[in-house]
Amino acid sequence: MQKLKQSSSLKKIFADYRANRFSDEILSDWGSALIYRPIGLTLAWLLVPSRISPTAVTGIGVMLLPIMIIATASCQPATALAIVLVLAVIYQTLDCTDGPLARATGQVSVSGHYWDLVADLAYRGSVYATVGYLADQIHPWSFPVNHMSCLTLAAWAALLARLARKNLARLAPQRSGESADPKRAATFTAYSFLSGTDTLFPLLVALTSGLGVLSIYIGWIVFYSFADVVIALFEAHRQLKIFQN
């Protein structure tokens, strides 16, 4: 009976995701939707009987961040990079677990959303800084600004873009019935599809490092992050004009 109940819960968890989130996530965060989310949904199902809270899952993910820093400081660069990337993949999987677990157990809360956002921001700063530092050890380049500085700036830009969107949604929520310009919607959909590679950062670092083109990928991350700030502010300007009329 317990096994049947758990199987039914698994179907419900996947059905809830397909009905409410998949269509949006496949456009804006397809990396998570295709890679991390199926594992996270299954892990949420396995955790339901354990009574572990979604906040505890978030906390476990946060505990991985200082381990990244310790590994970076104490291990050989190549080994440290492997450890950091594995921990980053685990973090992303846990990040796709706490939300479904909260919905499956009826523990959705404002505090859960808040700490999840804080954890995500801490994760980005930690993984970008550690990867940048290790890239300087493994793939040094001759530019005046090193990899770590570039990725630190990229993390700052990503933080600014995300907070700009969050604050816009709070201060000027989109009114029901508003229709987006189809051309603008197509443009932003294409860009947000590119943003789907964001959560694939650890996998792409591993790939580009192995191919010897990690510096090029880091350059792309910097370009993308600052372009995302411009787009976020453009979205804010447009939405605020609509909201004030």
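The model shown is predicted, which means the values in this text are computed figures rather than measured ones.

Caption draft 1: Here's a closer look at the overall build of the chain. A tally of helices and strands in the chain yields 11 helices and 0 strands. Starting at the N terminus and walking to the C terminus, you meet the elements of the chain as α-α-α-α-α-α-α-α-α-α-α. In the chain, buried positions account for 38% of the 245 residues. The contacts of the chain with a sequence gap of at least 6 include a subset with a gap of at least 24, amounting to 81%.

Caption draft 2: The arrangement of the nonpolar core in detail. Within the largest apolar cluster, 33 residues are counted, with the highest numbers of intra-cluster contacts made by Met68, Val127, Tyr128, Val131, Phe201 and Val205. Broken down by secondary-structure element, the contributors of at least two residues to this core are helix H3 (30–47), helix H4 (54–74), helix H5 (77–95), helix H7 (110–138), helix H8 (147–171), helix H10 (201–211) and helix H11 (214–244). Of all the elements, H5 adds the most residues to this core, at 8 residues.

Caption draft 3: Expanded view of the packing of aromatic side chains. Scanning the model with the defined rule gives 9 aromatic pairs in all. Taken together, a centroid distance of 4.3 Å and an interplanar angle of 5 degrees make the contact between Tyr91 and Tyr123 stacked. Highlighted residues: Tyr91 in helix H5 and Tyr123 in helix H7, separated in sequence by 32 residues. Accessibility classification places Tyr91 together with Tyr123 in one group, the buried group. Ring centres 5.9 Å apart and planes at 40 degrees place the aromatic pair Trp220 and Phe223 in the tilted group. Of this pair, Trp220 and Phe223 are both found in helix H11, 3 residues apart, which corresponds to roughly one turn of the helix. Residue Trp220 is classed as partly exposed on the basis of its relative accessible area, which comes to 31%. On the basis of relative accessible area, Phe223 is assigned to the exposed category, the value being 55%. Taken together, the aromatic side chains of Tyr128, Phe201 and Tyr217 make up a single cluster linked through ring pairs.

Caption draft 4: Focus on the pattern of salt bridges. Tallying each qualifying case throughout the model produces 7 salt bridges. Salt-bridge contacts for Glu25 lead to Arg21; the nearest nitrogen and oxygen are separated by 3.9 Å. Between Asp228 and Arg165 there is a salt bridge, with the nearest N and O atoms lying 2.9 Å from each other. One end of the pair, Asp228, is in helix H11; the other, Arg165, is in helix H8, with 63 residues separating them in the sequence. Each of Arg21, Glu25 and Arg37 takes part in salt bridges that share partners, so that together they form one network.

Caption draft 5: Just H8, in detail. Its 25 residues place the ends of H8 36 Å apart at the C-alpha level, agreeing with the 36 Å of an ideal helix rising 1.5 Å per residue. Inspection of H8 places His147, Cys150, Leu151, Ala154, Ala155, Ala157, Ala158, Ala161, Ala164 and Leu168 among the buried residues, and these make up the whole buried set. Looking at the packing, one finds that the buried side of H8 touches H7, H10 and H11.

Definitions and limits used
- Residues numbered from 1 in each chain as written.
- Predicted model: local features only at pLDDT ≥ 70, side-chain atom pairs only at ≥ 80, totals over all residues.
- Heavy atoms only, no water.
- Helix = DSSP H or I, 4+ residues; strand = E, 2+ residues; numbered from the N terminus.
- Buried < 20%, exposed > 50% of the residue type's maximum accessible area, 1.4 Å probe, protein only.
- Contact = heavy atoms within 4.5 Å.
- Core = buried A, V, L, I, M, F, W, Y, C linked by side-chain atoms within 4.5 Å.
- Phe/Tyr/Trp six-rings, centres within 6.5 Å; stacked < 30°, edge-to-face > 60°.
- Salt bridge = Lys/Arg side-chain N within 4 Å of Asp/Glu carboxyl O.
- Expected span 1.5 Å × (residues − 1).

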